[in-house]
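Observations on the three-dimensional arrangement
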Amino acid sequence: MLGEQKVSYSGVQPSGNLTIGNYLGAIRNFSEYSEQYKTFYCVVDQHAITVRQVPAELRRRTYETLALYMACGLDPEKNTLYVQSMVHEHAELAWILNCFTMFGELSRMTQFKDKSARHSDNINAGLFTYPALMAADILLYQTDVVPVGSDQKQHVELCRDIAERFNQIHPGTFTIPEPIISKHGMRIMSLADPTKKMSKSDENANAVVYILDDRDTIIRKFKRAVTDSGSEIRYAPDKPGVSNLMTIYSCFTGKTMEEIEREFDGRGYGDFKLAVGEVTADALAPVQERYHALLIDKAALEEQMKKGAEEASRCARRTLYKVKKKLGFVQL
Ligand code: AQP
C-alpha cells in the first residue's frame, strides 16, 4: 500500500518482440487494476541485460515496449509507465536485497536453470541474482498485487520470502505482495513444441505469434502449429497442442473449453486452426493500429518516459530512505 492506495506492479523485458504469451499472460491483465489501484508498469531493461543484447536493438525495443503498453490499453494518465534503468532506486535496493537472499534459494529458480542452459557461454552473476532485482522492483512500490504469467510465480514467491525475512529483522518495512495469475493465458505454449513456453527469444519464429505479426503471418503460423494424434478438438492432458490452441481461442473469444468443444464437434483441425488464427488477428488488429500511431511520435514517448520515471522515483525514494535508515546507513 502507498498511503491509502493498493498498488499493482509488473514489468516486461524489452528482450525481443513481444508475443501473445506476454500479451495474454501479462499486459492485457494490467489495465484491470488501473481504476482501483495505483499502478506501476515498467519496461525492465536492466533485467534484459542478464542475456547479451545488441545495444541499438535494446534501445529500439524499449521505445516499442512502452508504445505497446499504451497500445494495449494502458492510459499513461492512469498508470505510471516507465523504464527501469531511469529510476536508480531499483539497482540500489537490489544490492541491499541481495544481502537478504540465500544462495540456495537462487539456485532453485527454474528460470536460472533454463536460461543458463540456453546461454551456457554467459552464466553471469546477474542471471543468478535476477530475482533480487525483481524483488526490488516490486517492494520499492509497497506492492499488493503482481499480475504475471505462471512462469514468474516462483520469482514472486521468492520476493515474498525476501520481504518477510527483511520484515522479521526490521518490522513494518515492506508490504508483502501477492502474485496474480490470470486463469486462462497463464501459460501460452510454443506452437512448435506445446510442452515448452512460448518465448520472445525463441529462435524459431514459427513457434511464436508476435503481437505485431500481420494477419497472413498469424494465420499461417496457426495453420502450421503442431497438433496431436486423432482429430477431435478436446481439452485434455494427452492433447497439449490442441489444448494450447483452445486456451488461445478461449482467451480471445471469452468462450469456455466446453463451448469450444461443442462449436468444433465433428470438424477437423484445419477448420479449428483457421478459426484460432482469425480471432487472434481480429483481436490484435486494433492494438497494432494504435501501436503504429504511437511509435512515430518519439518525442511524446520520451516525454512519457520522463514523466513516468519522475513519478516512480518519487515513490521509490520513500521506501529506499526507510530501508537505509533501518539498516543503519547514515543519510544526511
Ligand atoms: N508464454 C507465456 N504465457 C503466459 N505468460 C507469459 N509471459 C511470458 N511468456 C508467457 C509473461 O509475460 C511477462 C513478461 O515476461 P518477461 O518479459 O519478463 O520475460 P519472460 O517471462 O522470460 O518472457 P519471455 O517471452 O520468455 O522472454 P525471454 O524469451 O526474453 O526470456 C511475465 O509476466 C511473464 O510471466
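Here, the structure is the one placed above.
**Considerations on the overall build of the chain**
- Helices and strands together make up the secondary structure of the chain, namely 13 helices and five strands.
- For the chain, the C-alpha radius of gyration of 21 Å lies close to 20 Å, the compact-globule estimate for 332 residues.
- Projected onto its principal axes, the C-alpha positions of the chain cover 70 × 45 × 40 Å.
- Going through the 332 residues of the chain one by one, you find that 55% of them count as buried.
- For the chain, contacts bridging at least 24 residues in sequence account for 76% of all contacts bridging at least 6.
- Accessible surface, the chain: about 15,300 Å² in total, of which carbon and sulfur atoms supply 52%.
- Averaging the locations of the 42 positively and 43 negatively charged side chains of the chain gives two centres separated by 4 Å.

**Considerations on helix H12 (residues 269-295)**
- Given a rise of 1.5 Å per residue, 27 residues ought to cover 39 Å, and the 37 Å separating the end C-alpha atoms of H12 matches this to within 8%.
- Along H12, the largest kink reaches about 35° and is centred on Ala285; proline Pro286 follows within four residues of it.

**Structural notes on the state of the cysteines**
- Taken as a whole and judged by the stated rule, the model has zero disulfides.
- With no disulfide partner, Cys99 has as its closest neighbouring cysteine sulfur the one in Cys159, 16 Å distant.
- Look at Cys99 and you get partly exposed, because its relative accessible area is 48%.
- Left without a disulfide partner, Cys315 is nearest to the cysteine sulfur of Cys42, which lies 13 Å away.

**So, the pattern of salt bridges**
- Inspection of every chain in the model, using the stated rule, returns 18 salt bridges.
- Glu35 serves as the salt-bridge partner of Lys78, at 3.1 Å between the closest nitrogen and oxygen. Of this pair, Lys78 sits in the loop between helix H3 (55-71) and strand S3 (80-83) while Glu35 sits in the loop between helix H1 (20-30) and strand S2 (38-43), and the two are 43 residues apart along the sequence.
- Each of Lys38, Glu311 and Arg314 takes part in salt bridges that share partners, so that together they form one network.

Cut-offs and rules
Residues numbered from 1 in each chain as written. Predicted model: local features only at pLDDT ≥ 70, side-chain atom pairs only at ≥ 80, totals over all residues. Heavy atoms only, no water. Helix = DSSP H or I, 4+ residues; strand = E, 2+ residues; numbered from the N terminus. Rg over C-alpha atoms; globule rule 2.2 N^0.38 Å. Buried < 20%, exposed > 50% of the residue type's maximum accessible area, 1.4 Å probe, protein only. Contact = heavy atoms within 4.5 Å. Areas by Shrake-Rupley, 256 points an atom, 1.4 Å probe, with all protein chains shown as cover. Lys, Arg positive; Asp, Glu negative; His and termini not counted. Charge placed at Lys NZ, Arg CZ, Asp CG, Glu CD. Expected span 1.5 Å × (residues − 1). Bend = angle between axes of the 7 residues up to and from the residue. Disulfide = S-S within 2.5 Å. Salt bridge = Lys/Arg side-chain N within 4 Å of Asp/Glu carboxyl O.

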